[in-house]
Amino acid sequence: LALLDRLPPIRTVQLATAAAVAAMGAAMTLQLLLIAGLLTFEVQVYPVTAAFAVVFGWVLSISRIGYRTGALPRRVARIGLFLGLSLPVGLFVAGVGLLIPDGVAARYIPLAIGVVVAAIGWLALPLWPLVLARFVFRKEQESVKEGLLR
């Protein structure tokens, strides 16, 4: 939500942010239901994955808009573009592997590549706020401090 002040107030930013917030709320609720024993892992894993796909879509759209408008530093936007594409591309490639009949050795090549790409994105997602804090919000804080010292 802190990025909304840096990005242009266009409908895409607002819709993507609202969808991402709702998706994170849904993922949190589903995981709490799992912990409480009200849902099994097999039931909650698909909607949680879908919710995170929405979050990755948000990272992708915000990074794309930030890149085009110059609202985000190029390095940050590129990291966001890579991160935002990693899960959807990985899931797509793994899905292609699942279309190949079981028992065929070639099935496991796209499946393995897709799982690795998606896993890298999944594991790297917590780095996104750290990248923003380091390269975006830190500069804003330094500007505020400089203004106060004058």
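The following paragraphs examine the structure supplied in this document. (Residues numbered from 1 in each chain as written. Predicted model: local features only at pLDDT ≥ 70, side-chain atom pairs only at ≥ 80, totals over all residues. Heavy atoms only, no water.)

On to the nonpolar core. Nonpolar side chains in soluble globular proteins tend to be buried together. Residues Leu3, Leu7, Trp58, Leu83, Leu125 and Trp128 are the most contacted members of the largest nonpolar core, which totals 30 residues. In terms of residue count, the dominant contributor to this core is helix 2 (residues 41-69) (nine residues). Once residues lying within four places of it in the same chain are set aside, the contact partners of tryptophan 128 are Trp58, Val59, Ser63, Val76, Ile79, Gly80 and Leu83. (Core = buried A, V, L, I, M, F, W, Y, C linked by side-chain atoms within 4.5 Å. Buried < 20%, exposed > 50% of the residue type's maximum accessible area, 1.4 Å probe, protein only. Helix = DSSP H or I, 4+ residues; strand = E, 2+ residues; numbered from the N terminus. Contact = heavy atoms within 4.5 Å.)

Note on placement: serine 61 falls in helix 2. Overall, serine 61 belongs to the buried group, its relative accessible area being 18%. In terms of polar contacts, serine 61 uses its side chain to reach the backbone carbonyl oxygen of tryptophan 58, at 3.1 Å. (Polar contact = N/O pair within 3.5 Å; in protein donor to acceptor, adjacent residues only side chain to side chain.)

Bringing the packing of helix 2 against helix 3 (residues 74-99) into the picture now. Axes are the key here: two packed helices are described by the angle between their axes and the distance separating the axes. Following both chains from N to C, one finds helix 2 and helix 3 inclined at 150°, their axes separated by 8 Å at the closest point. Relative to helix 3, the element helix 2 is oriented roughly antiparallel. Considering the relative orientation of helix 2 and helix 3, their crossing is left-handed. Residues Thr49, Phe52, Ala53, Phe56, Val59, Leu60, Ser63, Arg64, Tyr67 and Arg68 of helix 2 touch helix 3, and the partners they reach there are Arg74, Ala77, Arg78, Gly80, Leu81, Leu83, Gly84, Leu85, Ser86, Leu87, Pro88 and Leu91. Grouping the constituent residues of the contact of helix 2 with helix 3 by class yields 13 nonpolar, five polar and four charged. (Axes fitted to C-alpha atoms, helices over the stretch in contact; angles between N-to-C directions. Parallel < 35°, antiparallel > 145°, perpendicular 65-115°, else oblique. Left-handed = near helix turned anticlockwise from the far one by under 90°. Nonpolar A, V, L, I, M, F, W, Y, C, P; charged D, E, K, R; others polar.)

All right, on to the side chain of serine 63 then. As for its position among the elements, serine 63 is in helix 2. According to the relative accessible area criterion, serine 63 is buried, its value standing at 0%. Discounting residues that sit within four places of it in the chain, serine 63 has contacts with Leu72, Ala77, Gly80, Leu81 and Trp128.

At a closest axis distance of 7 Å, the pairing of helix 3 and helix 4 (residues 108-124) adopts a crossing angle of 155°. The orientation of helix 3 with respect to helix 4, classified from their angle, is roughly antiparallel. Considering the relative orientation of helix 3 and helix 4, their crossing is left-handed. Contacts from Leu83, Ser86, Leu87, Gly90, Leu91, Val93, Ala94, Gly97 and Leu98 of helix 3 reach helix 4 at Pro110, Leu111, Ile113, Gly114, Val115, Val117, Ala118, Gly121, Trp122 and Ala124. Looking at side-chain class alone, the contact of helix 3 with helix 4 contains 14 nonpolar, five polar and no charged residues.

This part takes up helix 4. Its 17 residues give helix 4 an end-to-end C-alpha distance of 24 Å, which sits within 8% of 24 Å, the value for a rise of 1.5 Å per residue. Turning to helix 4, its buried residues number three or more, namely Pro110, Leu111, Gly114, Ala118, Gly121 and Ala124. (Expected span 1.5 Å × (residues − 1).)

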